[in-house]
Amino acid sequence: MISNLRRILGSVYPSFAGCIFLALGIATLIQPEIMSYYAIGLDQPSARVAMRAMIGGGEIGIGVVLILGGRINLSLRQLSLIAAAIFICVGLSRVAAVFMEGADLLAVQPLREALIEILLGGIGLWAARGLEHDQL
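Every value quoted in this text rests on a predicted model; they were computed, and no experiment measured them. (Residues numbered from 1 in each chain as written. Predicted model: local features only at pLDDT ≥ 70, side-chain atom pairs only at ≥ 80, totals over all residues. Heavy atoms only, no water.)

Draft legend 1. Spotlight on the overall build of the protein chain. Across its full length, the protein chain carries four helices and zero strands. Element order for the protein chain, N to C, with α for helix and β for strand: α-α-α-α. Taken along the three principal axes of its C-alpha coordinates, the protein chain extends 50 × 35 × 20 Å. The buried share of the protein chain, reckoned over its 136 residues, is 32%. Of all intrachain contacts in the protein chain linking residues separated by at least 6 positions in sequence, the fraction that spans at least 24 positions is 73%. Across the protein chain, the mean location of the 9 positive side-chain charges is 11 Å away from that of the 9 negative side-chain charges. (Helix = DSSP H or I, 4+ residues; strand = E, 2+ residues; numbered from the N terminus. Buried < 20%, exposed > 50% of the residue type's maximum accessible area, 1.4 Å probe, protein only. Contact = heavy atoms within 4.5 Å. Lys, Arg positive; Asp, Glu negative; His and termini not counted. Charge placed at Lys NZ, Arg CZ, Asp CG, Glu CD.)

Structure, rendered in structure tokens:
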């Protein structure tokens, strides 16, 4: 039963993760001001262009690879591991950044976001273990 759940999750996880990245990337490309949630100043056109390109474009690229990776012969297992590594690295970097900035200065929100990212990455690792070399 668990192995079936793991296999099913492994088959949908890359597309699910890809949709998250694609949606965030498109949102940032269209409206980079959503990053003001993080108190990033976007009052200059060059700042908005950079945010649209680096964050929006980067997340769109990640999403496209995760969703369409089977067309370039990436297996579901490989795609799950890629998505998991990205989520875990972002989450752990967020935790490190909180401590580098001084944990007492920050609200709980960054740590909550890190927990979600690490959890999503852990789910991907767990799902990938249920896949051998399945292709999309």
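Draft legend 2. Broad picture of a nonpolar patch on the surface. Together, I26, L29 and I30 line one region of the surface with nonpolar side chains, adding up to about 270 Å² of accessible area. With respect to the element layout, I30 can be found in helix 1 (residues 2-30). In this structure I30 comes out as exposed when scored by relative accessible area, which is 59%. (Patch = residues over 30% accessible without salt bridge, like charges linked within 9 Å, V, L, I, M, F, W, Y side chains within 5 Å. Areas by Shrake-Rupley, 256 points an atom, 1.4 Å probe, with all protein chains shown as cover. Salt bridge = Lys/Arg side-chain N within 4 Å of Asp/Glu carboxyl O.)

Draft legend 3. Expanded view of the environment of G57. Relative to the helices and strands, G57 is located in helix 2 (residues 45-68). Residues G57 and G25 lie 32 residues apart in sequence; the distance between their C-alpha atoms is 6.1 Å.

Draft legend 4. Layout of the pattern of salt bridges. Overall, the coordinates contain two salt bridges when judged by the stated rule. Put simply, E113 and R94 hold a salt bridge, and the shortest N to O gap is 2.8 Å. Within this pair, whereas E113 is found in helix 4 (residues 109-129), its partner R94 is found in helix 3 (residues 76-101), the two being separated by 19 residues in sequence. Neither E113 nor R94 differs from the other in exposure class; each is buried. Here E117 ties to R94 by a salt bridge, and the two come within 2.6 Å at their closest N and O atoms. Of the two residues, E117 sits in helix 4 while R94 sits in helix 3, which places them 23 residues apart along the sequence. Side by side, E117 and R94 carry an identical accessibility label, which is buried. Each of the salt bridges in this network shares a partner with another, and the network as a whole consists of R94, E113 and E117.

Draft legend 5. Here's a closer look at unusual backbone geometry. For N73, which is not a glycine, the phi torsion comes out positive at approximately 65 degrees. With respect to the helices and strands, the residue N73 is situated in the loop between helix 2 and helix 3.

Draft legend 6. Main features of the side chain of R94. In terms of polar contacts, R94 uses its side chain to reach the side chain of E113, at 2.8 Å. Setting aside chain neighbours within four positions, we find R94 in contact with Y38, P110, E113, A114 and E117. (Polar contact = N/O pair within 3.5 Å; in protein donor to acceptor, adjacent residues only side chain to side chain.)

Draft legend 7. Representation of the nonpolar core. Core analysis: the largest hydrophobic core is formed by ten residues, namely Y13, A17, F21, L66, L74, L79, A83, A84, F87 and L120. Of the residues forming this core, the biggest block, four residues, is contributed by helix 3. In contact with F87, other than residues within four places in its own chain, are Y13, A17, I20, F21, E117, I118, L120 and G121. (Core = buried A, V, L, I, M, F, W, Y, C linked by side-chain atoms within 4.5 Å.)

Function-wise, these values are silent; they only describe arrangement.
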